[in-house]
Amino acid sequence: MNQIFDKIIKTLIFLSFLSFLFFLWWLIYRIHFWPAWLFPSPKTVIETLVRGFLNKTFIWGILISMKRIFIGFSISILIGSILGFLLAKIKLLRETINPLILGLQTLPSICWLPLALLWFGLNEKAIIFVIVMGTILSITISVYGAVTNIPLSFINAGRILGAKGFDLYRYVILPAIFPSFITGIKQGWSFAWRSLMSGEMLFITAGLGQLLMFGRELNDMAQVMAVMTIIILIGVIFDQLIFGNIENRLKNKWGLIK
Amino acid sequence: MKLQIQNISKQFKKDNDFVGALTDINLEARPGEFICLVGPSGCGKSTLLNLIAGFTEPTSGDILLEGKVGFIFQEPTLFPWLKVKDNIAFGLKIKKEDKKKIEEGIDGYLRLTHLKAFKEAYPHELSGGMKQRVALARALILGPDILLMDEPFASLDAQTREIFYEDLQDIWQMTKKTIIFVTHNVSEAVYLGDRVLVFTARPGKIKKEFKINLPRPRDLGDFEVIKISNQIKNELKEEIEKVIKEMEQYEPNIR
């Protein structure tokens, strides 16, 4: 009961802070500190948002971006996890590929775009390639770390209780790495999201990034701010509500947070 | 059940040197016997258990083992993603036993280890002593012939430990398992064991064997228990002094 009460209070405080920010925004607009076409009022931005959703341009933008990220992200999780496992298990791979992976991981994903354009041309494949390159290594590194950090005693306990070969993976190793895996996925998602946005802004195909650039080209600041708001909201929904929630639930169950 | 350890030696590679952990260990366990191993830390007594369990291979010598092995680790090493009942059932589920038999097994061993109320709990909700009970149930449910215990009470407080002694003694008398029990607590060894083997400092050798011919159930405060404990402690003192001397003479390699 008290906890619910606490939560309500916290939400109320946050909401009042948010309204205060809106008020501040409106105030700066009102005193014409910057001209209105550079600094639109909250009202104009909200109107642009509503209009964008009504004439479906924003909805299509969101759907197209989402489709890309799901394809790119799924490929990254699949290949990235397998690579991470292989790296943890095969010493030769570790000694050869690992330094390469650590090096490539420092490369900002958008630097892959020129290469992708030349290989694949101006199309979906290029942008998905950029997402995959930006995401896959962070997932590989986190899976590799998770597998190598499993306490040996878990493995020994599993073995002495009869889990061998595939069973050991299925019943001990996979569950043991699950919390770190989710953390890695969460981090990978934010890499994917950043890669997608920079990719979409730099070459002309539909999607949220392009809507953002359209706003710039048409000198429509309200659209720029409206699309930015959508991008932030999608980021928060995935990062906090989806992955964050799974992570917290797991940690609670495992007793990792008190 | 059969366990014969013949001329076991084990060396570990450290930098470019080989460090001896065990030399020439010979040991034979009778079915149903409770053997305790004591010695200064680092003498290789835990290594011996790991060798018997097959976690590592000996450098030389043979281990003849017939029968199923159960292992109790120093830390309970329960799987944090499984409830108490699923931790206990782990081995049976791997063996794909039938569901009803697993359920019965869980209930039986929960009763034996006084954990009935915690069937649905997760490991992190239990105290250290309860966790170790779950670990014991998880090992016993598979019906091992020989139980290897590696300082299972080391991380428990004194009161919990004493309750555990009685329970372990009861369970052992009921189930007639062969138990090999590593500890650095001498009174614990005398209270529980049929035989206590004292190890030398590293590389570990069996220095002396004490047969504990006292009636059971035993009492920690019993005069005979204290007397034998003191004899063993004297035997150990020499070894511990050796370890301390070695530590004092140790010069770190500064290059």
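Everything numeric here is computed off the predicted structure, so don't read it as measured data. (Residues numbered from 1 in each chain as written. Chains lettered and ligands numbered in written order. Predicted model: local features only at pLDDT ≥ 70, side-chain atom pairs only at ≥ 80, totals over all residues.)

Caption draft 1: Seen up close, the overall build of chain B. Each helix and strand counted, chain B has 7 helices and 9 strands in total. Rg of the C-alpha trace for chain B: 19 Å, near the compact-globule value of 18 Å for 255 residues, within the 12% margin. Each principal axis of the C-alpha distribution contributes one length, and for chain B these read about 60 × 45 × 35 Å. Taken over 255 residues, chain B has a buried fraction of 41%. Contacts spanning at least 24 positions in sequence make up 72% of the contacts within chain B whose residues lie at least 6 apart. (Helix = DSSP H or I, 4+ residues; strand = E, 2+ residues; numbered from the N terminus. Rg over C-alpha atoms; globule rule 2.2 N^0.38 Å. Buried ≥ 20, exposed ≤ 12 C-beta atoms within 10 Å, placed from the backbone. Contact = placed C-beta atoms within 7 Å.)

Caption draft 2: Examining the environment of Val224(A) more closely. Residue and element names in this part refer to chain A. Residue position: Val224 is located in helix α10 (residues 221-254). Placed 15 residues apart in sequence, Val224 and Gly209 show a C-alpha to C-alpha distance of 10.0 Å. Apart from the residues lying within four places of it in its own chain, the contact partners of Val224 are Leu212, Gly215 and Arg216.

Caption draft 3: Main features of the nonpolar core. Core analysis: the biggest nonpolar cluster contains 108 residues, and Val38(B), Leu148(B), Ile180(B) and Val196(B) have the highest contact counts within it. Considering every element that reaches this core, the biggest residue donor is helix α6 (residues 124-148) of chain A, with 16 residues. Apart from the residues lying within four places of it in its own chain, the contact partners of Ile180(B) are Ala29(B), Ile35(B), Leu37(B), Leu49(B), Ile52(B), Ile146(B) and Leu148(B). Phe58(A), Ile62(A), Ala222(A) and Met225(A) belong to the second largest nonpolar core, which has 12 residues in total. (Core = buried A, V, L, I, M, F, W, Y, C linked by C-beta atoms within 7 Å.)

Caption draft 4: How the structure looks around the interface of chain B and chain A. Facing 18 residues of chain B, the contacting portion of chain A comprises 15 residues. Those elements that provide at least two residues to the side of chain B that touches chain A are β5 (69-72) and α2 (84-94) of chain B. Per element, the largest residue contribution to the side of chain B that touches chain A is 3 residues, and it comes from α2(B). When the residues that make up the side of chain B that touches chain A are grouped by side-chain class, the tally is 12 nonpolar, 3 polar and 3 charged. (Nonpolar A, V, L, I, M, F, W, Y, C, P; charged D, E, K, R; others polar.)

Caption draft 5: Geometry of the sheet that holds strand β2 (residues 17-29) of chain B. Residue and element names in this part refer to chain B. Read from one edge of the open sheet, 3 strands run β2-β1-β4, paired in antiparallel fashion. Of all strands in the sheet, those with a lone pairing partner are β2 and β4 (60-66), marking the two edges. Here the strands of the sheet are splayed against their neighbours by 25° on average, with no regard to which way each runs. Two strands pair when backbone bridges link them, and strand β1 (residues 2-14) and β4 are joined in this way by 6 bridges, in the antiparallel orientation. Residue pairing in the sheet places Gln6 in a bridge with Asp62 of β4. Against the sheet, helix α1 (residues 45-53) contacts β1, β2 and β4, and its axis sits at roughly 70° relative to β2. (Pairing = 2+ DSSP bridges. Axes fitted to C-alpha atoms, helices over the stretch in contact; angles between N-to-C directions.)

Caption draft 6: How the structure looks around the sheet that holds strand β3 (residues 34-38) of chain B. All names here are of chain B. Here 6 strands make up an open sheet; going across it, the order is β5-β6-β7-β3-β8-β9 and the pairing mixed. With partners counted over all chains shown, the strands left at the sheet margins are β5 and β9 (206-211), one partner each. Averaged over all pairs of adjacent strands, the angle between strand axes in this sheet comes to 15°, irrespective of strand direction. Where β3 lies against strand β8 (residues 195-199), 4 bridges are found, and the strand directions are parallel. Paired with Ile35 across the bridge in β8 is Arg195. Most of the contacts of helix α4 (residues 128-140) go to β5, to which it runs at about 175°, and overall it touches β5 and β6 (146-150).

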